[in-house]
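Coordinates in review
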Amino acid sequence: MAPTSTPETPFGRALTAMVTPFTADGALDLDGAQRLASHLVDAGNDGLVVNGTTGESPTTSDAEKSELIRAVLEAVGDRAHVVAGVGSNDTHHTVELARQAEAAGAHGLLVVTPYYNKPPQEGLYRHFTTVADATGLLVMLYDIPGRTGVPIAHETLVRLGEHPRIVANKDAKGDVAAASRAIAESGLVWYSGDDILTLPLLAVGAVGVVSVAGHLVMPEIRDMVEAFVRGDVKKATEIHQRLLPVFIGIFRTQGVITTKAALNLQGLPAGPLRLPLVEATQAEIDQLRRDLASGGVHL
């Protein structure tokens with residue numbers, strides 16, 4: 001059973017892009033994934049994105065992706081939106097992953113811009129609409145040109161917003177002015193895809209965040225979002241400023257590297273990373289401890 005959603009918040013307000021726990025020998029840790037998912041929902045997440053970039057989706061197999069969705073749904077499916085990352089740079093494969101996620105019971109899809117092959121805007125439009133046509137699930141676009149090489153142009157976002165199942169955008173473009181215009185003109189529900197920009201994006205019409213720092217500070221992030229929504233901008237700003245060292249620290253290197261290091265230090269399920277990602281160095285861990293301590297998180 002899926003949690004309640006509204007057109008204004010189709011996937012909730014506070015989501016974490018969950019890491020994928022592995023065992024010491026690098027195998028998928030389904031028990032750990034269930035324990036971590038339960039921990040995150042208990043901490044205030046009303047949604048989890050699985051099989052996203054932070055979930056090391058480039059190095060998990062299709063079968064592992066399906067197993068992970070099913071395991072997380074079994075753990076939290078009636079308490080949180082479970083959104084499956086299905087994006088790739090092959091439209092046919094993305095459609096297969098979308099149908100697999102629907103069959104596994106996912107509540108929605110996160111579809112990243114195709115990467116590396118650098119399609120033109122018409123190719124992006126056809127890619128996203130083809131995927132959206134393939135299932136009955138709602139779609140959240142993922143616009144992150146720093147990783148994909150191609151931004152979703154304003155005009156393309158407006159066109160995509162006309163599709164009945166493309167309802168939201170996870171914005172990691174880092175351009176609040178562009179977001180402001182797209183929110184106003186596309187009709188898409190907007191989620192911050194960059195923790196440090198969540199409050200600025202809320203100010204121009206976003207409804208929430210797909211967070212990485214939410215692994216560690218979701219109660220505070222949720223408080224910030226809820227404070228802003230009820231009009232207490234002063235409190236929201238105070239929380240944002242208090243969390244700045246956490247947001248900065250998590251992204252000094254790849255977010256999944258630092259997040260797994262922090263979770264492992266907390267005794268939570270995370271485990272190692274799969275190559276080509278590598279474990280945090282001792283120097284990086286020491287810096288992470290200092291950053292998190294400045295934001296009130298002590299490892």
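These numbers come from a predicted model, not from an experiment.

**Description of the layout of surface pockets**
- There is about 530 Å³ of room inside the largest pocket.
- Thr53, Thr54, Arg147, Gln254 and Gly255 are the residues nearest the centre of the largest pocket, which is lined by 27 residues in total.
- Sorting the residues of the lining of the largest pocket by element identifies strand S8 (208-211), helix H10 (233-250) and helix H11 (255-265) as the ones contributing at least two each.
- Grouping the constituent residues of the lining of the largest pocket by class yields 13 nonpolar, eight polar and six charged.
- Roughly 410 Å³ of internal volume is contained in the second largest pocket.
- Around the second largest pocket, the lining is made up of 20 residues, and of these Ser57, Pro58, Gly87, Val112 and Tyr115 lie nearest the centre.
- The set of elements that each furnish at least two residues to the lining of the second largest pocket consists of helix H2 (62-76), helix H3 (91-104), strand S4 (108-112) and helix H5 (145-148).

**Observations regarding the nonpolar core**
- Core analysis: the biggest nonpolar cluster contains 79 residues, and Met18, Val72, Leu141, Trp190 and Ile221 have the highest contact counts within it.
- Ranked by residues supplied to this core, first place goes to helix H9 (residues 214-229) with seven residues.
- Ignoring any residue separated from it by four or fewer positions in sequence, one finds Met18 in contact with Ala33, Leu36, Ala37, Leu40, Leu48, Val49, Val50, Thr54, Gly55, Val72 and His215.
- One finds Met140, Tyr142, Ala168 and Val210 within the second-largest nonpolar core, a separate group that totals 17 residues.

**Concerning the packing of H10 against helix H12 (residues 282-294)**
- Packing of H10 against H12 brings their axes to within 7 Å, and their N-to-C directions diverge by 160°. Taken together, the axes of H10 and H12 lie roughly antiparallel to each other. You can see that H10 and H12 cross each other, and the crossing is left-handed. Taking contact as the criterion, the partners of Arg242, Pro245, Val246, Gly249 and Ile250 in H10 are, on H12, Leu288, Asp291, Leu292 and Ser294.
- When grouped by side-chain class, the residues that make up the contact of H10 with H12 number five nonpolar, two polar and two charged.

**A word on the UniProt feature "binding site: pyruvate" (unreviewed entry) in the chain**
- UniProt annotation of "binding site: pyruvate" (unreviewed entry) refers to Thr54 and Val210 when read in the numbering used here. For this annotated set, covering 157 residues, all C-alpha atoms fall within 10.9 Å of each other, a compact arrangement in space. Within the annotated group just given, the residues that line the largest pocket are Thr54 and Val210.
- On the secondary structure map, Thr54 appears in the loop between strand S2 (47-50) and H2.
- Looking at Thr54, the relative accessible area reads 12%, which means it is buried.
- In this structure, Thr54 is in contact with Ala17, Met18, Val19, Thr20, Val212, His215 and Val256, ignoring residues within four places of it in sequence.
- By the element assignment, Val210 lies in strand S8.
- Leaving out residues up to four positions away in the same chain, Val210 has contacts with Leu15, Ala17, Val49, Met140, Lys170, Tyr191, Ser192 and Gly193.

**Considering the sheet that holds strand S7 (residues 189-192)**
- Strand order in the closed barrel formed by eight strands is S1-S2-S3-S4-S5-S6-S7-S8, and the pairing between neighbours is parallel. Within the sheet, the average angular offset between the axes of one strand and its neighbour, ignoring direction, is 25°.
- Bridge analysis of strand S1 (residues 14-17) against S2 gives three bridges, and the strand direction is parallel. Its bridge partner lying in S2, Ala17 is registered against Val49.
- Helix-sheet contacts for H2 involve S2 and strand S3 (81-85), and the interaxial angle to S2 is about 165°.

Rules used in this analysis
Residues numbered from 1 in each chain as written. Predicted model: local features only at pLDDT ≥ 70, side-chain atom pairs only at ≥ 80, totals over all residues. Heavy atoms only, no water. 1 Å grid on protein atoms, 1.4 Å probe; cavity = no way out; pocket = protein on both sides within 12 Å on 5 of 7 lines; lining within 4 Å. Points joined across faces, edges and corners; volume = space filled by probe spheres on them. Helix = DSSP H or I, 4+ residues; strand = E, 2+ residues; numbered from the N terminus. Nonpolar A, V, L, I, M, F, W, Y, C, P; charged D, E, K, R; others polar. Core = buried A, V, L, I, M, F, W, Y, C linked by side-chain atoms within 4.5 Å. Buried < 20%, exposed > 50% of the residue type's maximum accessible area, 1.4 Å probe, protein only. Contact = heavy atoms within 4.5 Å. Axes fitted to C-alpha atoms, helices over the stretch in contact; angles between N-to-C directions. Parallel < 35°, antiparallel > 145°, perpendicular 65-115°, else oblique. Left-handed = near helix turned anticlockwise from the far one by under 90°. UniProt positions renumbered as here; feature names shortened; annotations may be inferred. Pairing = 2+ DSSP bridges.

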